[in-house]
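Given next are the chains, with one letter for each unit.
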Amino acid sequence: MNTQPAMQTDFTDDSFELAGKRYQSRLLVGTGKYKDLEETGRAIEASGAEIVTVAIRRSNIGQNADEPNLLDVLPPERYTILPNTAGCYTADDALRTCRMARELLDGHKLVKLEVLGDPKTLFPDMVQTLAAAEALVKDGFDVMVYTTDDPILARRLEELGCVAVMPLAAPIGSGLGIRNPYNILAIIENASVPVLVDAGVGTASDAAIAMELGCDGVLMNTAIAKARNPVLMASAMQKAIAAGREAFLAGRMPRRRYASASSPIEGMFV
Amino acid sequence: MNTQPAMQTDFTDDSFELAGKRYQSRLLVGTGKYKDLEETGRAIEASGAEIVTVAIRRSNIGQNADEPNLLDVLPPERYTILPNTAGCYTADDALRTCRMARELLDGHKLVKLEVLGDPKTLFPDMVQTLAAAEALVKDGFDVMVYTTDDPILARRLEELGCVAVMPLAAPIGSGLGIRNPYNILAIIENASVPVLVDAGVGTASDAAIAMELGCDGVLMNTAIAKARNPVLMASAMQKAIAAGREAFLAGRMPRRRYASASSPIEGMFV
Amino acid sequence: MNTQPAMQTDFTDDSFELAGKRYQSRLLVGTGKYKDLEETGRAIEASGAEIVTVAIRRSNIGQNADEPNLLDVLPPERYTILPNTAGCYTADDALRTCRMARELLDGHKLVKLEVLGDPKTLFPDMVQTLAAAEALVKDGFDVMVYTTDDPILARRLEELGCVAVMPLAAPIGSGLGIRNPYNILAIIENASVPVLVDAGVGTASDAAIAMELGCDGVLMNTAIAKARNPVLMASAMQKAIAAGREAFLAGRMPRRRYASASSPIEGMFV
Amino acid sequence: MNTQPAMQTDFTDDSFELAGKRYQSRLLVGTGKYKDLEETGRAIEASGAEIVTVAIRRSNIGQNADEPNLLDVLPPERYTILPNTAGCYTADDALRTCRMARELLDGHKLVKLEVLGDPKTLFPDMVQTLAAAEALVKDGFDVMVYTTDDPILARRLEELGCVAVMPLAAPIGSGLGIRNPYNILAIIENASVPVLVDAGVGTASDAAIAMELGCDGVLMNTAIAKARNPVLMASAMQKAIAAGREAFLAGRMPRRRYASASSPIEGMFV
Amino acid sequence: MHVFLNGDGTELPDGLTATQLVERLELTGRRIAMEVNGEIVPRSQYSQHTFRPDDRIEIVHAIGGG
Amino acid sequence: MHVFLNGDGTELPDGLTATQLVERLELTGRRIAMEVNGEIVPRSQYSQHTFRPDDRIEIVHAIGGG
Amino acid sequence: MHVFLNGDGTELPDGLTATQLVERLELTGRRIAMEVNGEIVPRSQYSQHTFRPDDRIEIVHAIGGG
Amino acid sequence: MHVFLNGDGTELPDGLTATQLVERLELTGRRIAMEVNGEIVPRSQYSQHTFRPDDRIEIVHAIGGG
């Protein structure tokens with residue numbers, strides 16, 4: 001959603017709206033791959049994120065009965081919990097996963113849809129993704145959808161009623177940054193729902209670049225969780241997102257191949 | 001100066017030392033190309049910079065007797081004033097300019113040396129730059145030197161006694177970003193004085209990239225002054241520098257061509 | 001189709017097979033945007049192409065009764081004529097166009113399928129493209145299909161029976177080169193039919209890069225027709241395709257960040 | 001040397017002049033790092049090079065009395081032998097090496113000057129390089145000089161009388177390709193002697209890119225000698241140099257962000 | 001009778017055959033293809049094929065395209 | 001009776017309710033969701049819902065994911 | 001007497017001191033520096049320093065630059 | 001007499017000529033160049049050139065390099 005103002009002057013509130021709710025932070029984070037729940041909590045605290053993704057798995061997985069649960073660390077009262085369909089390879093599996101998530105979260109409607117096409121690249125299967133998006137919207141979900149950077153399919157997903165389109169910058173967990181800024185830009189220019197770059201960000205400058213393109217936000221997980229110091233990287237990402245957003249709003253200088261002196265020529269005494 | 005810690009934990013003080021003085025802000029800014037002094041002051045305030053460059057010009061240039069002077073807006077008590085030799089094409093002119101600056105600033109020794117080779121590219125003339133650096137150091141100046149991204153000459157300038165080496169990222173005022181990160185990295189790895197990227201930064205992500213390479217700081221002017229909204233861009237740059245610095249210290253995730261799931265595979269119920 | 005040999009030694013025949021026929025040239029060219037038929041003929045001659053694309057249009061368009069027809073300049077006895085569905089926005093239109101082409105060319109089965117999603121970007125509409133591909137294969141056509149660089153959909157098109165997948169390097173006529181080499185590479189690695197880069201090549205090095213990735217060939221039109229000197233550019237492209245192919249087969253040196261002397265160290269007399 | 005013609009039509013002779021002699025091939029090759037002399041000969045044959053570099057080393061190094069010498073494989077009657085000063089770290093060593101080369105080659109005046117600054121990066125020491133160039137020109141040599149991509153120093157070397165300037169694309173033996181095309185272009189635009197990219201080319205497309213920038217030629221060694229199949233890569237490089245040169249002369253199409261149809265819109269029957 | 005020829009309304013004599021239409025259009029011997037109401041009319045049937053009122057006739061050829 | 005619980009075959013007493021199963025698994029009070037044979041069993045119905053032989057029971061919770 | 005002031009030829013009264021010149025130029029109290037014939041004249045010596053014919057006088061201040 | 005030949009100390013008979021040294025090294029007819037104490041000895045003078053004690057003799061040839 002390309003909301004660059006002709007010349008905005010007051011940036012005290014630069015929040016964005018998603019599924020009817022406003023958010024101050026444009027950084028969305030995942031909760032996977034951390035050393036432990038304690039590190040998860042500290043990193044997410046440092047990131048300033050208001051929306052956090054979680055996975056839905058069998059109850060006998062990932063914890064012992066006496067351990068606290070992820071949602072104790074991330075109380076739904078404070079964070080917008082975004083259950084994802086990670087690991088699903090068919091529209092039907094994604095649909096069942098979202099229904100379980102809705103029950104789990106007392107009717108919560110916001111979900112992140114991803115239907116994978118391939119365990120090696122984790123690229124989405126767009127045929128299944130389109131089918132799942134349509135079914136989920138019919139079933140009353142607010143669907144944020146993980147997609148390739150195909151501008152035509154991104155617009156199609158919006159037409160199906162998705163509340164946000166989330167093109168990948170690069171393969172999930174690759175940290176390669178935005179491989180094809182032209183496509184992301186084309187998606188942004190055509191969209192009337194929020195566009196969030198999802199997957200592929202590796203470091204702070206990648207996040208800044210995404211925001212400078214005009215994205216409404218960025219969702220990341222590995223870039224923070226697998227940094228040498230996740231908590232510090234989370235802080236870096238919060239600043240990078242804000243920096244990129246402000247740079248987008250401020251309107252960058254034109255590039256020129258040749259130089260232009262910063263100090264005046266006239267008045268030289270030598 | 002590559003100061004990445006094995007695993008630093010306390011980042012409350014991440015200041016750096018330049019010519020015997022410590023600075024909190026790693027963003028250095030120029031004062032040229034602004035609409036007026038009022039905009040200059042507000043942008044520099046928003047940038048959080050502690051070191052600001054100024055040009056030395058004939059007293060009949062650039063202001064009327066009744067106008068305030070730049071140094072009224074930027075009191076030397078608050079800011080470290082960094083006079084530059086912009087516009088000089090010979091070592092001798094640079095030397096005379098620095099002496100005038102020292103007199104002007106009551107014996108102030110810190111100067112930014114630039115000796116240009118060409119009005120079109122504003123690339124430094126490294127032969128004249130080396131000669132000027134040597135003369136200035138002999139004459140007692142603390143020399144921060146604008147240089148090409150040649151790692152060998154950068155080290156030579158350090159051997160001559162310069163207190164900081166300032167390789168260009170791209171031509172002055174071009175906004176092309178870091179054209180050759182490998183060279184900047186080689187300079188950083190070989191340096192034992194601060195390395196500050198000078199010239200060529202165009203937007204926030206460029207500044208973040210410079211810091212992620214391990215630079216000690218970045219000096220810029222046009223990227224802020226010629227943004228559509230200079231004050232907002234100054235704020236963006238302050239955040240971008242901090243973001244890039246933290247990302248460098250945090251240690252980014254490894255890049256990998258293939259994907260890696262952020263949600264666990266085990267425990268799928270579908 | 002990744003056919004890099006362990007260590008091939010005889011490259012006298014490096015032809016590739018497409019729909020049961022072998023071709024020596026890996027450069028496929030379009031016939032649009034030329035000044036006139038004479039320039040078209042000379043450029044295609046200089047390109048060494050064996051497969052040339054043509055468009056199907058109403059008989060009252062594009063020529064007068066007394067003018068020679070494109071197929072007089074490009075005799076089907078000599079060239080493999082590849083009719084395309086350029087300009088079609090639905091599967092049905094593409095199907096009708098291919099049937100007209102088959103009638104026009106006496107039962108010729110080879111077609112280039114493109115179903116567009118948007119007149120501004122000319123990106124394919126992958127939903128319609130999949131539907132059209134399925135229908136055309138059922139109807140007995142040999143389908144070469146223009147697609148996005150989505151590795152999952154490329155594989156799906158192959159499963160539907162397409163004889164070649166033709167991912168775009170960049171938007172048609174943009175000349176931006178290969179925007180996302182990682183995706184093209186992923187397509188090549190998964191494919192068992194020829195992979196031809198279609199659209200987006202701007203100059204010779206772009207074509208060489210495509211071949212170095214392991215593509216089986218490249219299809220281009222604007223890069224030749226809109227060069228200042230189309231005939232000379234056609235010759236450049238022929239050489240670039242061969243150069244990139246040989247470089248791919250030869251196996252490039254490893255990249256390394258640091259230097260490695262080409263002359264021995266030992267034996268220095270100075 | 002930017003010799004792009006307004007609209008050249010006859011390219012049957014596109015030779016270039018170096019030190020008073022004309023050459024058809026714009027590919028110059030080194031002779032180091034090959035498996036043996038036999039491979040050296042076959043690769044250079046396949047490259048079509050007319051100018052080949054050699055190193056000067058003590059007579060007890062690199063061969064046994066009964067082996068043929070490099071110059072038996074590369075007869076000076078057929079090839080222009082270009083002795084280099086590889087391995088020299090001072091102007092004086094370079095001068096002595098060139099004099100030995102001149103004696104060795106019966107008064108041959110053409111030499112490739114390189115004075116290194118650092119064994120790790122093999123970047124030139126430009127201070128020593130300038131001194132050596134001046135001394136060699138005075139001593140009657142035709143000096144082709146290895147330099148950084150600094151446009152100001154490249155012009156200075158030309159003023160000193162060098163017959164060709166040879167900026168590095170990337171560190172010797174790195175295979176990283178042209179790291180900073182803007183600088184190479186600035187050198188070309190300012191030069192009135194041939195500009196040859198020297199060092200850093202890794203594969204065919206890198207060579208094509210150098211020529212598309214308007215270089216007069218490219219000198220390489222590792223990219224050929226360390227390919228899996230050096231002879232085939234030599235052939236690839238010959239074609240890539242020709243392709244890049246023709247593309248430069250042909251004048252590439254303009255880049256545009258958006259698409260432009262290759263087939264006409266009018267006349268659609270569907 | 002009234003038909004649509006390449007999108008434009010035209011009058012054609014009743015009972016005109018495809019062969020005769022091709023002659024009228026001076027396309028005889030040219031490499032073309034014909035579709036009537038969305039169905040291909042094979043060249044071999046031009047002599048027998050007579051048009052009907054309101055037929056949507058499309059005649060195409062190959063031109064430069066990429 | 002034999003059922004499948006989170007993919008594994010298990011024996012459960014006849015007539016066991018969802019509430020009782022949750023107790024057995026020490027998940028009482030935990031944030032979970034239950035699906036039987038592909039259909040959600042709302043938490044509000046745990047007390048009335050009794051399992052049948054060969055039921056495919058899935059019980060899930062939220063864990064870290066991106 | 002004739003001198004060059006910031007590059008322009010000007011007439012100054014004989015025996016004029018640096019302090020007096022600064023007054024004339026209304027630069028008193030401003031942050032400036034002065035060079036005469038390539039040599040700095042320290043502010044502390046303005047009162048004693050008198051100009052000589054053909055002196056090349058440069059007076060500078062700081063302005064915006066990068 | 002003691003000399004340095006290509007960097008190594010060696011004994012050579014007094015009055016040895018360059019021509020004789022080249023023979024000893026089996027380099028006759030080979031494409032080489034000789035430097036003594038930093039000065040080139042032209043091939044034409046090998047027969048007259050006799051070495052002196054402590055001479056630093058360098059003999060080079062061309063080998064593969066880039």
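So, a few notes on the structure that sits alongside this text. On a predicted model such as this, the values are computed, not experimentally measured, just so you know.

## Here's the deal with the overall build of chain E
So, step 1. Looking only at helices and strands, chain E features one helix and five strands.
So, step 2. Listing each helix as α and each strand as β along chain E from the N terminus yields β-β-α-β-β-β.
So, step 3. The C-alpha atoms of chain E give 12 Å as radius of gyration, which agrees with the globular expectation for 66 residues (11 Å, within 12%).
So, step 4. Looking at the 66 residues of chain E, the share that counts as buried comes to 44%.

## Here's the deal with the pairing of strand 6 (residues 110-113) of chain A
Residue and element names in this part refer to chain A.
So, step 1. Along strand 6, one buried face is formed by Leu110 and Lys112 and the opposite face, lined by Val111 and Leu113, is buried too.
So, step 2. In this sheet, strand 7 (residues 142-147) lies alongside strand 6 in parallel orientation, the contact comprising four bridges. Residue Val111 lies in a different strand from strand 7, and its bridge partner there is Val143.
So, step 3. Read from strand 6 through helix 4 (residues 126-138) to strand 7, the crossover connection turns out right-handed.

## A short note on the relation of the copies chain A and chain B
Taken together, a rotation about one axis and a shift along it account for how the two chain copies relate.
So, step 1. Mapping chain A onto chain B is achieved by rotating through 180 degrees and translating by 0.0 Å along the same axis, at an RMSD of 0.0 Å. Both chain copies can therefore be described as sitting about a two-fold axis.
So, step 2. Interface overlap between copies: 100% of the residues of chain A at the interface are likewise at the interface in chain B, consistent with a symmetric, same-surface contact.

## A few points about helix 3 (residues 91-104) of chain B
Residues and elements named next belong to chain B.
So, step 1. An ideal rise of 1.5 Å per residue puts 20 Å on 14 residues; helix 3 measures up with 20 Å between its terminal C-alpha atoms.
So, step 2. Buried residues dominate helix 3, accounting for eleven of its 14 residues.
So, step 3. Regarding helix 3, the residues found buried are Ala91, Asp93, Ala94, Leu95, Arg96, Thr97, Cys98, Met100, Ala101, Glu103 and Leu104.

## Examining the interface of chain H and chain D
Put simply, an interface is often sized by how much accessible area is lost when its parts join up.
So, step 1. Counting residues at the interface gives 25 residues for chain H and 33 residues for chain D.
So, step 2. Taking both sides of the interface into account, the surface hidden between chain H and chain D amounts to around 2500 Å²; carbon and sulfur atoms contribute 52%.
So, step 3. Run the count over chain H and chain D and you get four salt bridges.
So, step 4. For the salt bridge of Glu58 of chain H with Arg58 of chain D, the shortest nitrogen-to-oxygen distance reads 2.7 Å.
So, step 5. The interface formed by chain H and chain D includes 18 residue pairs in polar contact (both at pLDDT 80 or more).
So, step 6. Among the elements of the structure, strand 3 (33-36), strand 4 (39-41) and strand 5 (56-64) of chain H are those that each provide at least two residues to the side of chain H that touches chain D.
So, step 7. Per element, the largest residue contribution to the side of chain H that touches chain D is seven residues, and it comes from strand 5 of chain H.
So, step 8. Partitioning the side of chain H that touches chain D into residue classes produces twelve nonpolar, seven polar and six charged.
So, step 9. Taken together, the five bridges between strand 4 (residues 51-58) of chain D and strand 5 of chain H define a ladder with antiparallel strand orientation. Within strand 5 of chain H, the position partnered with Arg58 of chain D by the bridge is Val60 of chain H.

## Considering the sheet that holds strand 6 of chain A
All names here are of chain A.
So, step 1. Within the open sheet, the three strands sit side by side as 6-7-8. Their pairing is parallel. The open sheet is flanked by strand 6 and strand 8 (164-167), the only strands paired with a single partner. Averaged over all adjacent pairs, the angle separating strand axes in this sheet is 20 degrees, with direction ignored.

## A few points about the arrangement of the chains
So, step 1. Across the gap from chain F to chain G, with no contact made, the nearest C-alpha atoms are 44 Å apart.
So, step 2. Contact between chain B and chain H is absent, and the minimum C-alpha spacing across the pair is 21 Å.

## Overview of the packing of helix 7 (residues 204-212) of chain C against helix 9 (residues 230-250) of chain C
Residues and elements named next belong to chain C.
So, step 1. Put simply, helix 7 and helix 9 touch, their axes get as near as 7 Å, and they point 30 degrees apart. Considering their axes alone, helix 7 and helix 9 lie roughly parallel with respect to each other. Of the two possible hands of crossing, helix 7 and helix 9 adopt the one that is right-handed. In this structure, helix 7 uses Ala204, Ala207, Ala208, Met211 and Glu212 to contact helix 9, whose residues at the interface are Ala236, Met237, Ala240, Ile241, Gly244, Arg245, Ala247 and Phe248.
So, step 2. Split into classes, the residues belonging to the contact of helix 7 with helix 9 amount to ten nonpolar, one polar and two charged.

## A closer look at the environment of Pro83 of chain D
Residues and elements named next belong to chain D.
So, step 1. By the secondary structure assignment, Pro83 is in strand 5 (residues 80-83).
So, step 2. Taking the relative accessible area as the measure of exposure, Pro83 reaches 2% and is therefore buried.
So, step 3. Along the primary structure Pro83 and Ser15 are separated by 68 residues, whereas in three dimensions their C-alpha atoms are 22 Å apart.
So, step 4. Discounting residues that sit within four places of it in the chain, Pro83 has contacts with Val54, Ile56, Ala101, Leu105, His108, Leu110, Val111 and Lys112.

## Observations regarding the pattern of salt bridges
Charged atoms that come close allow side chains of opposite charge to pair.
So, step 1. Counted under the stated rule, the structure contains 82 salt bridges over all chains.
So, step 2. Glu45 of chain B is paired through a salt bridge with Arg78 of chain B; the nearest N and O atoms lie 3.3 Å apart. Of this pair, Glu45 of chain B sits in helix 1 (residues 37-47) while Arg78 of chain B sits in the loop between helix 2 (70-73) and strand 5 (80-83), placing them 33 residues apart in sequence.
So, step 3. With a shortest N-O distance of 3.0 Å, Arg257 of chain B and Glu189 of chain C are connected by a salt bridge. With one member in each of two chains, Arg257 of chain B in the segment after helix 9 (230-250) and Glu189 of chain C in helix 6 (residues 181-190) form a pair that bridges those chains.
So, step 4. Given a relative accessible area of 23%, Arg257 of chain B falls into the partly exposed group.
So, step 5. Each of Asp14, Arg26 and Arg245 of chain A takes part in a single network of salt bridges with overlapping partners.

## Brief notes about the packing of helix 3 (residues 91-104) of chain C against helix 4 (residues 126-138) of chain C
The description of two helices packed together rests on the angle between their axes and the distance between the axes.
All names here are of chain C.
So, step 1. For the pair helix 3 and helix 4, the least separation of the axes is 8 Å and the interaxial angle reads 35 degrees. You can see that helix 3 and helix 4 cross each other, and the crossing is right-handed. Facing helix 3, whose interface residues are Ala91, Ala94, Leu95 and Cys98, helix 4 presents Gln128, Ala131, Ala132, Ala135 and Leu136.
So, step 2. Residue classes in the contact of helix 3 with helix 4 are distributed as eight nonpolar, one polar and no charged.

## Thoughts on the environment of Arg43 of chain H
So, step 1. Positionally, Arg43 of chain H belongs in the loop between strand 4 and strand 5.
So, step 2. Sequence-wise, Arg43 of chain H and Ala18 of chain H are 25 residues apart; in three dimensions their C-alpha atoms are separated by 8.8 Å.
So, step 3. With residues up to four places along the chain from it excluded, the contact list for Arg43 of chain H reads Glu103, Leu104 and Asp106 of chain D together with Ile32 of chain H.
So, step 4. A distance of 3.4 Å separates the side chain of Arg43 of chain H from the backbone oxygen of Ile32 of chain H, its partner in a polar contact.

## Some details on the sheet that holds strand 6 (residues 110-113) of chain B
All names here are of chain B.
So, step 1. Strand order in this open sheet of three strands is 6-7-8, and the pairing throughout is parallel. If you trace the sheet from one side to the other, it starts and ends with strand 6 and strand 8 (164-167), each paired once. Strand-to-strand twist of the sheet, defined as the mean angle between neighbouring strand axes without regard to direction, takes the value 20 degrees.
So, step 2. Relative to strand 8, strand 7 (residues 142-147) is paired through four bridges, and the arrangement is parallel. Along strand 8, the bridge assignment pairs Val145 with Val165.
So, step 3. Lying over the sheet, helix 4 (residues 126-138) contacts strand 6 and strand 7, oriented at roughly 175 degrees with respect to strand 7.

## Concerning the packing of aromatic side chains
So, step 1. Evaluated as defined, the whole model comprises four aromatic pairs over all chains.
So, step 2. Both rings, one in Phe16 of chain D and one in Tyr23 of chain D, keep their centres 6.1 Å apart while their planes meet at 45 degrees; by these two values the pair is tilted.
So, step 3. Looking at Tyr23 of chain D, the relative accessible area reads 3%, which means it is buried.
So, step 4. For the cation-ring pair, Lys112 of chain A lies above Tyr146 of chain A, with the distance from its terminal atom to the ring centre recorded as 5.6 Å.

## Some words on the interface of chain A and chain B
So, step 1. Contacts between the two partners involve 78 residues from chain A, matched on the other side by 78 residues from chain B.
So, step 2. Counting the surface lost from both chain A and chain B, the interface buries some 6500 Å², and carbon and sulfur atoms represent 61% of this.
So, step 3. By the criterion of area lost to chain B, the three top residues of chain A are Arg228, Met253 and Phe269 of chain A, representing 12% of everything that side buries.
So, step 4. The interface formed by chain A and chain B contains two salt bridges.
So, step 5. On the surface where chain A and chain B come into contact, there are 44 residue pairs in polar contact (both at pLDDT 80 or more).
So, step 6. Elements that contribute at least two residues to the side of chain A that touches chain B include exactly strand 4 (51-58), helix 3 (91-104), helix 7 (204-212), helix 8 (222-225) and helix 9 (230-250) of chain A.

## Concerning the pairing of strand 3 (residues 33-36) of chain E
Residues and elements named next belong to chain E.
So, step 1. Alternating positions in strand 3 separate into two faces, Ala33 and Glu35 on one and Met34 and Val36 on the other, with burial throughout.
So, step 2. One ladder, built from four bridges, connects strand 3 with strand 5 (residues 56-64); its direction is antiparallel. The partner of Val36 across the bridge, within strand 5, is Ile57.
So, step 3. Relative to strand 4 (residues 39-41), strand 3 is paired through three bridges, and the arrangement is antiparallel. Looking across to strand 4, one finds that Glu35 is bridged to Ile40.
So, step 4. The hairpin turn running from strand 3 into strand 4, its antiparallel successor, is two residues long, and Asn37 in that turn takes a positive phi close to 50 degrees.

About the thresholds
- Residues numbered from 1 in each chain as written.
- Chains lettered and ligands numbered in written order.
- Predicted model: local features only at pLDDT ≥ 70, side-chain atom pairs only at ≥ 80, totals over all residues.
- Heavy atoms only, no water.
- Helix = DSSP H or I, 4+ residues; strand = E, 2+ residues; numbered from the N terminus.
- Rg over C-alpha atoms; globule rule 2.2 N^0.38 Å.
- Buried < 20%, exposed > 50% of the residue type's maximum accessible area, 1.4 Å probe, protein only.
- Pairing = 2+ DSSP bridges.
- Right-handed = clockwise from strand over helix to strand, strands pointing away.
- Least-squares fit on C-alpha atoms with pLDDT ≥ 70 in both.
- Contact = heavy atoms within 4.5 Å.
- Expected span 1.5 Å × (residues − 1).
- Buried area = accessible area lost by both parts, 1.4 Å probe.
- Salt bridge = Lys/Arg side-chain N within 4 Å of Asp/Glu carboxyl O.
- Polar contact = N/O pair within 3.5 Å; in protein donor to acceptor, adjacent residues only side chain to side chain.
- Nonpolar A, V, L, I, M, F, W, Y, C, P; charged D, E, K, R; others polar.
- Axes fitted to C-alpha atoms, helices over the stretch in contact; angles between N-to-C directions.
- Parallel < 35°, antiparallel > 145°, perpendicular 65-115°, else oblique.
- Left-handed = near helix turned anticlockwise from the far one by under 90°.
- Phe/Tyr/Trp six-rings, centres within 6.5 Å; stacked < 30°, edge-to-face > 60°.
- Lys NZ or Arg CZ within 6 Å of the ring centre and 35° of its normal.

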